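Chain by chain, the residues run as shown.
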Amino acid sequence: MTKQASEIKPVLFVVTSCAVKGVTGIPTGFNLAELTHPMDKLEAAGIRVEIASILGGEPPLDGLEDMQDPVIARYWADAKFRHTLANTLCLDDIDPSRYSAVMFAGGHGTMWDFPDSAAAQKVIREIDAAGGIVSAVCHGPAALVNARRTDGSLLVAGKRLAAFTDGEEEEVQSTHVVPFLLATTLNERGALHQNAPNWADNVIVDGRLITGQNPQSASSLGNALRDALLA
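No experiment lies behind these values; they were computed from the predicted model shown.

Colleague: Tell me about the layout of surface pockets, and name the residues and values.
Modeller: Volume-wise, the second largest pocket comes out at about 260 Å³. Lining of the second largest pocket is provided by 14 residues; of these, M39, E43, V49, K80 and T84 occupy positions nearest its centre. For the lining of the second largest pocket, the secondary structure elements donating two or more residues are α1 (32-44), β2 (49-53) and α3 (79-86). Class assignment for the residues of the lining of the second largest pocket results in six nonpolar, three polar and five charged.

This is the structure in structure tokens:
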């Protein structure tokens, strides 16, 4: 039996509040495609979305955005979206019971503020415990590195997932910039990282864990998340 979109609680999108790549001082932030492309799929299906960031307020935008991308361009020209983005909810203030799923968007900034965020871990733990969906794309799975279930077990242990690969990190010359290699660390936590070629559209659904490898996977992740919510 499929659900109606009106029956589904909102999906919480989470973006980074980190504006610099550690001690390098290189600007960073969240990836706009990884926010807007999944949002586009959900909103087109009538599923409501809300946006939070680690600190709340206006999150830093990664400068490497393709404003010619039609989905990005449409959202960027939308005054309501821009207002929402400039006033994101603070993750500390979130009541996880209000949401059917959480989706962590990427951007290099996530590597510094997602892994040890108690608020992110609480949202993941409580949404997972309630039978909701945990989702992330590209560097967004940095939020999953230290996430645990209510029984104390690591959320990713034994789970198939996708995330920004070590090879992709090398290609963007950030291997020695990021505080850790995401795919390697997830595997160390017991995850079964599904490595696809660099920049391949790669989305992995393992039960209520839905993950994507890179910006090229954002739309497909949105489709998978939508389909899971409506199932």
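Colleague: Requested: an account of the pattern of salt bridges, with residues and values cited.
Modeller: The final tally for this structure, using the stated rule, is six salt bridges. Residues D128 and R149 are paired through a salt bridge, measuring 3.4 Å at the closest nitrogen-oxygen approach. Within this pair, whereas D128 is found in helix α5 (residues 118-129), its partner R149 is found in the loop between β5 (133-137) and β6 (160-161), the two being separated by 21 residues in sequence. On the accessibility criterion, D128 (9% relative accessible area) is buried.

Colleague: Any details on the nonpolar core? Residues and values, ideally.
Modeller: If you look at the biggest cluster of nonpolar residues, it comprises 33 residues, and the most contacted ones within it are L12, L91, F104, L144 and L186. Elements with a contribution of two residues or more to this core: β1 (11-15), β4 (101-104), α5, β5 and α7 (182-188). No other element matches α5, which puts five residues into this core. F104 has contacts with V14, F114, A120, I124, S135, A136, V137, G140 and A143, leaving out every residue within four places of it along the chain.

Basis of the calculations
Residues numbered from 1 in each chain as written. Predicted model: local features only at pLDDT ≥ 70, side-chain atom pairs only at ≥ 80, totals over all residues. Heavy atoms only, no water. 1 Å grid on protein atoms, 1.4 Å probe; cavity = no way out; pocket = protein on both sides within 12 Å on 5 of 7 lines; lining within 4 Å. Points joined across faces, edges and corners; volume = space filled by probe spheres on them. Helix = DSSP H or I, 4+ residues; strand = E, 2+ residues; numbered from the N terminus. Nonpolar A, V, L, I, M, F, W, Y, C, P; charged D, E, K, R; others polar. Salt bridge = Lys/Arg side-chain N within 4 Å of Asp/Glu carboxyl O. Buried < 20%, exposed > 50% of the residue type's maximum accessible area, 1.4 Å probe, protein only. Core = buried A, V, L, I, M, F, W, Y, C linked by side-chain atoms within 4.5 Å. Contact = heavy atoms within 4.5 Å.

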